Amino acid sequence: MARIIVVTSGKGGVGKTTTSAAIAMGLAKKGHRTAVIDFDVGLRNLDLIMGCERRVVYDFINVINEEATLNQALIRDKRCNQLYILPASQTRDKEALTKEGVGRVLDELSKTFKYIVCDSPAGIERGANLAMYYADDAFVVTNPEVSSVRDSDRMLGILASKSRRAEKGEEPIKEYLLLTRYSPERVKLGEMLSVEDVQDILSLHLLGVIPESKSVLTASNAGIPIILDEKSDAGQAYSDLVARYLGEDRPLRFVDEKKSLLGRLFRV
C-alpha cells in the first residue's frame, strides 16, 4: 500500500505547490514510484511548476467522473520515470471533488505507487479537506510569521479530527513541520519568528527549513522543481528534507546567519 502525504497550510502563498513538486521529485529520484496530485481545482498550478502544462489532456476530475481512465490522465515526468503527475481541472468547480471519487482514485494509485503526494489548496474549503481526509502523513507548511503560524495551528485541529484515521479511531496522521522562506538575518532583526518560536507554538516535528531564495521563483518559472537545482540553498534544503523523511540523519542547514568573509576570518 502507498503512503499518502498531504502538503497543507492554513494560509496561501507559503510554498505548498513548490514543496509538493520538490518532495515528489525527491522521492522519485530516490527510486520510489511516486504520484503527485493537484487538488486545487479551478486554479491548477502544479503542472506549471512541473513543466508539463502543455501535456495535460485529461485531469483529476475527468478520472473522478469516469470520463477518462487514470492511465490516460497521469503524466509521466520527462526527467524521472518514477514520477507521475495528476493535474487539476481549470474549468470545473471544487464541488466536482467527491469523497468517494477521491477515495477511488487514491485506492487505484495505491496499487502501483509507493508514495502519493497531495498538493492541497490553502484553508479549509472542500479541496483542502479532501486532500487531508485520506492522508497518512501531513507536511504542514508555514512561513515564520505570526498569521501563517496561527493558521497552521488551526489546520492541525482539522487534521486531528476530520481525517479518515480519526473517524476510524486509527493511529493519527503523522504531522511534520516545514518552515519556508526563512531568513536568519531577518530573524535577528526581529522581522521574523525564529525556528524555536515556531516550534514552541506548533509543537511539531521539524522536518526541514527552506531558506528564502530567488532560485525558487526562477525554477518555478522554468517549470523545474527546485530540488533539481542542487547548487541552490533551497534545492539542497529540500533534498535534506526528503532524506530525513526517509529516515536519514541530516543536520539542519541554512538556519544560522551567513557571515561575511571578514566575519569568518575574525569570528565576529
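About the thresholds
- Residues numbered from 1 in each chain as written.
- Predicted model: local features only at pLDDT ≥ 70, side-chain atom pairs only at ≥ 80, totals over all residues.
- Heavy atoms only, no water.
- Core = buried A, V, L, I, M, F, W, Y, C linked by side-chain atoms within 4.5 Å.
- Buried < 20%, exposed > 50% of the residue type's maximum accessible area, 1.4 Å probe, protein only.
- Contact = heavy atoms within 4.5 Å.
- Pairing = 2+ DSSP bridges.
- Helix = DSSP H or I, 4+ residues; strand = E, 2+ residues; numbered from the N terminus.
- Axes fitted to C-alpha atoms, helices over the stretch in contact; angles between N-to-C directions.
- Salt bridge = Lys/Arg side-chain N within 4 Å of Asp/Glu carboxyl O.
- Parallel < 35°, antiparallel > 145°, perpendicular 65-115°, else oblique.
- Left-handed = near helix turned anticlockwise from the far one by under 90°.
- Disulfide = S-S within 2.5 Å.
- Polar contact = N/O pair within 3.5 Å; in protein donor to acceptor, adjacent residues only side chain to side chain.

1. Section: the nonpolar core
Stage number 1. Core analysis: the biggest nonpolar cluster contains 50 residues, and Phe39, Phe60, Leu86, Leu97, Val102, Leu109 and Ile116 have the highest contact counts within it.
Stage number 2. Excluding its chain neighbours within four sequence positions, the residues that come into contact with Leu86 are Val36, Ile37, Asp38, Asp59, Phe60, Val63, Leu70, Ala73, Leu74 and Val105.
Stage number 3. In this structure, Ala24, Leu83, Ile85 and Val117 belong to the second largest nonpolar core, which totals 39 residues.

2. Observations regarding the sheet that holds strand β8 (residues 205-211)
Stage number 1. In spatial order, the strands read β3-β4-β2-β5-β1-β6-β7-β8; together these eight strands make up an open sheet with mixed pairing. The outermost strands of the open sheet, each flanked by one partner alone, are β3 (75-76) and β8.
Stage number 2. Across five bridges, strand β1 (residues 3-8) lies against strand β5 (residues 115-119) in parallel orientation. Note that in β5 the partner of Val6 across the bridge is Cys118.
Stage number 3. Helix α7 (residues 146-161) rests against β1, β6 (137-142) and β7 (174-182) of the sheet, and its axis sits at about 165 degrees to β6.

3. Notes on unusual backbone geometry
Stage number 1. The backbone of Arg181 sits at a positive phi, close to 55 degrees, despite the residue not being glycine.
Stage number 2. Tracing the backbone shows Arg181 in strand β7.
Stage number 3. The backbone of Ser203 sits at a positive phi, close to 50 degrees, despite the residue not being glycine.
Stage number 4. Note that Ser203 resides in the loop between α10 (195-202) and β8.
Stage number 5. When its relative accessible area of 61% is taken as the criterion, Ser203 is described as exposed.

4. Structural notes on helix α6 (residues 126-133)
Stage number 1. A large share of α6 lies buried, amounting to six of its eight residues.
Stage number 2. Buried within α6 are the following residues: Gly127, Ala128, Leu130, Ala131, Met132 and Tyr133.
Stage number 3. On its buried side, α6 packs onto β1, α5 (99-110), β5, α7 and α8 (164-168).

5. A closer look at the pattern of salt bridges
Stage number 1. The final tally for this structure, using the stated rule, is 13 salt bridges.
Stage number 2. Between Arg44 and Asp47 there is a salt bridge; the shortest N-O distance is 3.4 Å. For the pair shown, Arg44 and Asp47 are each scored as buried.
Stage number 3. Between Glu212 and Arg186 there is a salt bridge, and its shortest N-O distance comes to 3.6 Å. Of this pair, Glu212 sits in the loop between β8 and α11 (214-221) while Arg186 sits in helix α9 (residues 184-188), and the two are 26 residues apart along the sequence.

6. Section: the packing of helix α1 (residues 16-29) against helix α12 (residues 233-245)
Stage number 1. The interhelical angle for the contact between α1 and α12, taken along N-to-C directions, is 60 degrees, at an axis separation of 9 Å. Here α1 lies oblique to α12, going by the angle between them. Between α1 and α12 lies a crossing whose hand is right-handed. Between α1 and α12, the residues in contact are Thr18, Thr19, Ala22, Ile23, Gly26 and Leu27 and Tyr238, Leu241, Val242 and Tyr245, respectively.

7. What to know about the state of the cysteines
Stage number 1. For the structure on display, the rule yields zero disulfides.
Stage number 2. Take Cys80: it sits in no disulfide, and the sulfur closest to it among the cysteines is that of Cys52, at 13 Å.
Stage number 3. For Cys80, a relative accessible area of 7% corresponds to the buried category.
Stage number 4. The thiol of Cys118 is unpaired, and the distance to the nearest cysteine sulfur, on Cys52, comes to 16 Å.

8. With respect to the side chain of Asp137
Stage number 1. Relative to the elements of secondary structure, Asp137 occurs in strand β6.
Stage number 2. Take Asp137: its relative accessible area is 2%, and that puts it in the buried class.
Stage number 3. At 2.9 Å, the side chain of Asp137 and the side chain of Arg3 are in polar contact.
Stage number 4. Excluding residues that lie within four positions of it along the chain, Asp137 makes contacts with Arg3, Ile4, Ile5, Val6, Ile173, Lys174, Tyr176 and Tyr245.

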